[in-house]
Amino acid sequence: MDKILEGLVSSDHSVPVKRAIVKKVVEAAEKEVTEEQCQALFTLTTRLILLGEDAFQKQIGFQVLEAYARYHRPEFERFFSKDFVLGLLQQGYGQLDRKDPATIDYIHCCLRLLISCPSVLEIFSVIQVEVLRMVCERPEPALCAHLSTVLSDFVQCIPREKSGVLFCQQLVRTISYFHCFASQERELREYVGQVTKVSTLLQNIWKADPATLLPSLQEVFSIISSTDPSFDPSIALASLVQHIPVQMITVLIKSLTTDHNVKDASMTKALCRMIDWLSWPLAQHVDTWVIALLKGLAAVQKFTILIDVTLLKIELVFSRLWYPIVRQGALSVLSHMLLSFQHSPEAFHLVVPHVVHLVQSLRTDGLHSSKAFLLQFTELIHCMMYQYSGFPDLYDHILEAIKDLPKPGEEKIKLVLNQSAWTSQSNSFASGPLRLLGKSETGKTGLVNLGNTCFLNSIIQTLFMATDFRRHVLSLHLNGSNPLMKKLQLLFAFLAHTQRAAYAPKNFLEASRPPWFNVGSQQDCSEYLRFLLDRLHEEEKTLQVLESVKPKVPLPVDTSSKDPEAQNPPENCENSSSSPDEMKPENDGRTLIERTFGGKLITGIRCMQCNCISEKEEPFTDLSLAFCPTASQGSSDPEGPIEEPTVLFPGSVNGGSETPEASSAKALASNVHFVPVTNEPALSVPDLVNYFLAPEILDEENAYFCEKCSSLQRAERTMKVVSAPEYLILTLLRFSYDAKCHVRRKILDNVTIPPLMRLPVHAPLMPTQFSSCTSSPLQVDSPESSENLAKKLKPSQRDEEEEETEGAVGAEQMNKGGEMSVQSVPYVLSSVVMHSGMSSESGHYYSYGHNINGADGAQHPANHFALVEDLENGHPDCGLSTCSALSMPPERGVALPNSGQEARDWLLFNDSRVTFTSFQSVQNITTRFPKDTAYVLMYRKQNINGALMANGMRLSVEPPLQKELLDAIIKDNKLYLQEQELNARTQALQAPSSSCSFRPNGSDDNNPPGSCGPSGGGGGGGGFNTISRLVF
């Protein structure tokens, strides 16, 4: 019979003929056959099954084997012996390798035929040993799947007791070696099916023998926590997670996170690989386990691991949202990772660039589930933008993409954020360097946030964008006598020439931090600016005094205390047109800070009984602009008159947030252009300037002590700018004091910021009238010296004689009916520092800077047309004595708001991020983001008819770097390249600690922006400007 079958298989007969003959052979199995013939048939059919040339031969082999084994079982038992099985599993069959799945299928078929025979028990014992050996050899997924099928059908073949535990552990490790390199869907489905069979076998073993579960899970963790760079476990391990009882989560996570033998590097690897499991299509509960482990690590304050894993894997988790089969679990993990990562916006900002594309895809993919998913995703994005406000350049496109979708309420957002926060916050985090990124397309350099230092970063970028000041600082030839200016010069040089995307100003922070500023706490940027300018001024003034007492010998000009442009007189003499009060020699003894930011105010008080006038001239570097009490809702319910507003300097000029009296309000009505409380357009900067300069009536408890009348009298106080600075700094007094609640509140009123503005400057009739004051030291009044008005204005010591002289001169002029001539000095907006936050207790600073492309830093041509036309024809609404905005008519060639040119006219500096933006964004920022309000503004005095305005302050080109600065930058740039190379190598080795650090850049700066200094934030020990910042 075997000869007939063998000849039939090799014959050329048609398949139907062959099938008919095979049928006859199968039917003959019922007849008696000798043992020799049976053995020959079993040998032939085994050869056909294992070595058959095609599927037909294999099919014939199975049919004949089953028939003869059923009717001649004793003969088959003797053929399919344990030795035969052992030979198949250890050596294979002929040319067939022992690891071929066909061998397992053949054994599976034979076991079904012998299941009722006693001899099968011996075979089971052999298989128990051999399958353990086989899984230790890490079989391929296909062989492992076939083996799992056999073991699932014949559980007697599964190893028992200790061998059973070892088998489960080795099978788990075998799964970790699975990899699929197929690209076709059919092959991928086949691979997933194979893995599912293996994981199902483990599930059945765990159910039958619970003692094998925990060792199996320990093996899983051992695999995924491996730090061996040459081993990358397969995500097929995710198929096991769905078979682990959910009730074990709490116990297992607690055991893992509290085990001191588990190093942080191993835990980081394990968590990263569990997050990778989100890509496995059929696994359930992966998100549950990942979130449980994240929470467990937070509970034991393993924040370094959480930070590293979040920054490393957040983009991968986000990418899973594109695939419907895994997106729901991925969103759960993404939500927890983002909402709990509350110390820095870095993680959220990694996924921000992909948000709009995902939203668009969800809208158009046509899946019913996508609509509900989009609502969940949008709610998460709103929560994140609320948590990390202050980044309009990043969020504008997102807001536009989701504007028609529901937005959660503020209370719900706060609840979600509070529930998701890590159990302890970032005081335990250690500062670390910024992740290396390429420089932005702007070519500008950002500043690393060193831990609540956005107050410094925004001010430094604002000063850097003051073109004339920057060029003068870089052109100074300094020695060791100017430590702070030298550090500022080095910082400016790095901002201009470093290859780094963001520079860490550690040295400058240490040198310029006011002594009352707590390290690591948020501070007030206006207070810091005033302190910095005062320090620079005093440093240079001290050097001037020391130089003046030395014997005069012919030496080169020291540009550290003189105007750097003195070396280039011909160039500056061409452009020397300026106002009378500024026609001073360049070597007039003034410091660089005075020449750049210094202006002068005259405060006059006229007794309304005898008309005697007392005047006092004082310098300033910034004007602190209070909000009109009736126009600001942020300072409602004042507690009656407060002593502070009655003080001339320092104090809140014009009453600060105090409600003016009726007589005072009447006096203001004719000259101040502020907006009343209506639904009309918001206040503008000129409105606040006019309110600052408006007359104020001193009456009742604020009455003025007139020395001529020798009594308290009703008086009028006026302020006049008599010397306009090159750069006008305006501080909007956003933080008011609530006397009822004893807290500082933020005034959130929107203020329109004009790009062009003119400031009324009262020039004296005689050009030399105040010449004696130009070289005098700057007057500094500490906030602690806030006496009442009568005491403050009463002459004392050597000032008595000066004040009497000034008052006499002023009175003489007024009695003769003379008036000081008023000039309208034009200014163009240079920079704006924004404060983002709902109150003075938290927030973030960032700044906008005008991107001046011209070599001389001149204003846009359209600005020039507007200035000339306005100054020639007069402003239609205001006289020369008031501050007003200047318009830029489109027909003059001004770039339209949405044009490409205008979109690059401005830069947004947000710590380490620098991006292009538009002036329209600056103007509309508070409308789009109500928490983001302008705080400090810097305006630059402008040219008229091409002439430079004053003091030879304009340098036409960027000065060349001095050798010392150039050497420092070259050295750092080389260091930066070495850091990049080291970082690349570290990432290639997948070192778990390569990014282990607290990244403060872009931090939300959750500490109060106000100072904790001795003055309660008012001035902290004095400054160049004697006008108080806060509204009390």
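This one's a predicted model, so the numbers in the text were calculated from it and none came from an experiment.

Caption draft 1: Broad picture of the environment of Thr621. Following the sequence through the fold, Thr621 ends up in the loop between β4 (613-620) and β5 (622-625). Counting along the chain gives 91 residues from Thr621 to Arg530, while the straight-line C-alpha distance between them is 7.7 Å.

Caption draft 2: Inspection of the pattern of salt bridges at higher detail. One pass over the full model with this rule turns up 27 salt bridges. Note that Asp468 is salt-bridged to Arg940, the shortest N-O span being 3.0 Å. Within this pair, whereas Asp468 is found in helix α24 (residues 467-475), its partner Arg940 is found in strand β21 (residues 932-941), the two being separated by 472 residues in sequence. With respect to burial, Asp468 and Arg940 carry one shared label: buried. Of the charged contacts, one joins Glu726 and Lys941 as a salt bridge, the two residues approaching to 3.6 Å between their closest N and O atoms. Highlighted residues: Glu726 in the loop between β10 (715-723) and β11 (727-732) and Lys941 in strand β21, separated in sequence by 215 residues. A relative accessible area of 2% places Glu726 in the buried class. Owing to a relative accessible area of 0%, Lys941 belongs among the buried residues under this scheme. One network of salt bridges, with partners in common, ties together Arg98, Glu130, Arg133 and Glu137.

Caption draft 3: Here's a closer look at the nonpolar core. Counting residues in each nonpolar core, the largest one holds 190 residues, and the members touching the most others are Phe80 and Leu111. At 10 residues, helix α19 (residues 346-364) tops the list of elements feeding residues into this core. Setting aside anything within four residues of it in sequence, one finds Leu111 in contact with Phe80, Val120, Ile123, Phe124, Ile127, Val150, Phe154 and Cys157. Core analysis: the next-biggest nonpolar cluster, separate from the first, contains 52 residues, Phe469, Leu476, Leu478 and Ile729 among them.

Caption draft 4: Local environment of the packing of helix α3 (residues 35-51) against helix α7 (residues 101-114). Their axes nearest at 9 Å, the elements α3 and α7 cross at an angle of 140 degrees. Looking at the two axes, α3 sits oblique to α7. Seen from above, α3 lies across α7 with right-handed handedness. Together, Thr46, Ile49 and Leu50 of α3 and Ala102, Thr103 and Tyr106 of α7 make up the contact between the two elements.

Conventions we followed
Residues numbered from 1 in each chain as written. Predicted model: local features only at pLDDT ≥ 70, side-chain atom pairs only at ≥ 80, totals over all residues. Heavy atoms only, no water. Helix = DSSP H or I, 4+ residues; strand = E, 2+ residues; numbered from the N terminus. Salt bridge = Lys/Arg side-chain N within 4 Å of Asp/Glu carboxyl O. Buried < 20%, exposed > 50% of the residue type's maximum accessible area, 1.4 Å probe, protein only. Core = buried A, V, L, I, M, F, W, Y, C linked by side-chain atoms within 4.5 Å. Contact = heavy atoms within 4.5 Å. Axes fitted to C-alpha atoms, helices over the stretch in contact; angles between N-to-C directions. Parallel < 35°, antiparallel > 145°, perpendicular 65-115°, else oblique. Left-handed = near helix turned anticlockwise from the far one by under 90°.

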